[in-house]
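# Structural overview for review
Take a look at the letters that make up each chain.
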Amino acid sequence: MTLANTPMQETISTLWGIQEIDRDLFRVEEELKRLPAERAARAKKLEDLKARIQAVKDERNGLEIRVREIENQSITQRQRIRKLEEESGGSRDMAIVEACRYEVRELQREIKHSERICVEMMLESEQKVEDLKASEEQLAIEEGHFAELSEGIDREIAEAEGRKSELESTRSERLSGDVDPEALNLYNRLLSAREGQAMARVESQVCQACYMSIPPNLNVQLARGNKVIQCPSCDRILFRI
Ligand SMILES: [Zn+2]
């Protein structure tokens, strides 16, 4: 590894020693964010399906209520027809008889129309019952899948947490030596800004993270090892083996 001639080179060398751990830590932390998000997305799908089922149930209830209302209306209309028939049967006045007959015909037409509507609504309601059956079967399957997925996610989270604490303890062991605090601050900032890769090796005067050439003056400073040198293109802390 590096020849640690200067205190800054020693710092850089220590940081390089934890860089690999930090890259893994970054991945583990990403996973720990992704896993609960994945579960939440699946839970949302289930909730959507439940909401759709409830909406169909509500529609079906609405249809049943409407059918009962129309049926009650038809009962009242039939009672009225019987009353009108009695009235016209007991009357000798042709004007009254005609008026009764006219109203009876109107009522009969309305009853017929209502019957047609009721049949249509009952068919629609039956279709909804079929749809509900299918949706509820689908929901049961999806709930089973979700339970499995959720268990898998719990396991993965536990594993990731375990890996994370191992990495963290290795990291703090390696960081126990003297490290320049400013350099460490910069390193930590770059870790999150550059997706877990705060440092870059320089080979043949080229940054191995972004593959841009390093200007000669920076190369000279890098060789002296008195201060932190960042890649002018990707900002990463440069390191030369
Ligand atoms: Zn670079």
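Quick caveat: nothing in here was measured; it's all calculated off a predicted structure.

About the thresholds
Residues numbered from 1 in each chain as written. Predicted model: local features only at pLDDT ≥ 70, side-chain atom pairs only at ≥ 80, totals over all residues. Helix = DSSP H or I, 4+ residues; strand = E, 2+ residues; numbered from the N terminus. Rg over C-alpha atoms; globule rule 2.2 N^0.38 Å. Buried ≥ 20, exposed ≤ 12 C-beta atoms within 10 Å, placed from the backbone. Contact = placed C-beta atoms within 7 Å. Axes fitted to C-alpha atoms, helices over the stretch in contact; angles between N-to-C directions. Parallel < 35°, antiparallel > 145°, perpendicular 65-115°, else oblique. Left-handed = near helix turned anticlockwise from the far one by under 90°. Nonpolar A, V, L, I, M, F, W, Y, C, P; charged D, E, K, R; others polar. Pairing = 2+ DSSP bridges. Core = buried A, V, L, I, M, F, W, Y, C linked by C-beta atoms within 7 Å. Domains from an automatic or database assignment.

### A short note on the overall build of the protein chain
Secondary structure assignment for the protein chain yields four helices and three strands. The order of α-helices and β-strands along the protein chain, N terminus first, is α-α-α-β-β-α-β. Here the protein chain has a C-alpha radius of gyration of 40 Å; the compact-globule value for 241 residues is 18 Å, and the former is much larger. Taking the principal axes of the C-alpha coordinates as reference, the protein chain spans close to 130 × 35 × 25 Å. Taking all 241 residues of the protein chain together, 11% fall into the buried category. By sequence separation, contacts in the protein chain at least 24 residues apart represent 73% of the contacts at least 6 residues apart.

### Some details on the packing of helix H1 (residues 7-89) against helix H3 (residues 181-193)
It is the contact of H1 with H3, at a shortest axis distance of 11 Å, that shows an interaxial angle of 25°. Considering the angle they form, H1 stands roughly parallel to H3. At the point where H1 passes H3, the crossing takes the right-handed sense. The segment H1 lies against H3, with Thr11, Leu15, Asp22 and Phe26 engaging Ala183, Tyr187 and Leu191. Taken together, the residues of the contact of H1 with H3 break down into five nonpolar, one polar and one charged.

### What to know about the sheet that holds strand E1 (residues 199-203)
Hydrogen bonds between backbone atoms are what pair the strands of a sheet, whose relative direction is either parallel or antiparallel. Strand order in the open sheet formed by three strands is E2-E1-E3, and the pairing between neighbours is mixed. Of all strands in the sheet, those bounded by a partner on one side alone are strand E2 (206-207) and strand E3 (237-239). Bridge count for E1 against E2 is two bridges, and the pairing is antiparallel. Considered in E2, the bridge of Glu203 is made with Val206. Sheet contacts for H1: E1 and E3; angle to E3, the most-contacted strand, approximately 100°.

### Examining the nonpolar core
Within the largest apolar cluster, 21 residues are counted, with the highest numbers of intra-cluster contacts made by Ile237, Leu238 and Phe239. Every element with two or more residues in this core is listed here: H1, H3, E1 and E3. Sorting elements by how many residues they give to this core places H1 first, with six residues. Among the domains, domain 1 (7-170) and domain 2 (180-241) are the pair contributing at least three residues each to this core. Not counting residues within four places of it along the chain, the set of residues in contact with Leu238 comprises Ala200, Val202, Cys207, Ile214, Leu222, Ile229, Gln230 and Cys231.

### Examining the domain arrangement of the protein chain
In terms of domain boundaries, the protein chain breaks down into domain 1 (7-170) and domain 2 (180-241). On a C-alpha basis, the centres of domain 1 and domain 2 stand 56 Å from each other. In this assembly, eleven residues from domain 1 lie in contact with 15 residues from domain 2. When its residues are assigned to classes, the side of domain 1 that touches domain 2 shows five nonpolar, three polar and three charged.

### A word on the environment of Asn217
As for its placement among the helices and strands, Asn217 is situated in helix H4 (residues 216-224). Linking Asn217 and Arg23, residues 194 residues apart in sequence, is a C-alpha distance of 29 Å.

### Regarding the pairing of E1
As defined by bridge partners, E1 adjoins E3 across three bridges and the pair is classed as parallel. Along E3, the bridge assignment pairs Ala200 with Leu238.

### Describing the environment of Leu218
Positionally, Leu218 belongs in helix H4. Accessibility expressed as a C-beta count within 10 Å gives 18 for Leu218, which makes it partly exposed. With 89 residues separating them in the primary sequence, Leu218 and Val129 have C-alpha atoms 75 Å apart.

### Digging into the packing of H1 against helix H2 (residues 94-174)
Where H1 meets H2, the axes come as close as 5 Å, and the angle between the chain directions of the two elements is 165°. Between H1 and H2, the angle falls in the class roughly antiparallel. Viewed along their axes, H1 and H2 form a crossing whose handedness is left-handed. When grouped by side-chain class, the residues that make up the contact of H1 with H2 number 35 nonpolar, 13 polar and 32 charged.

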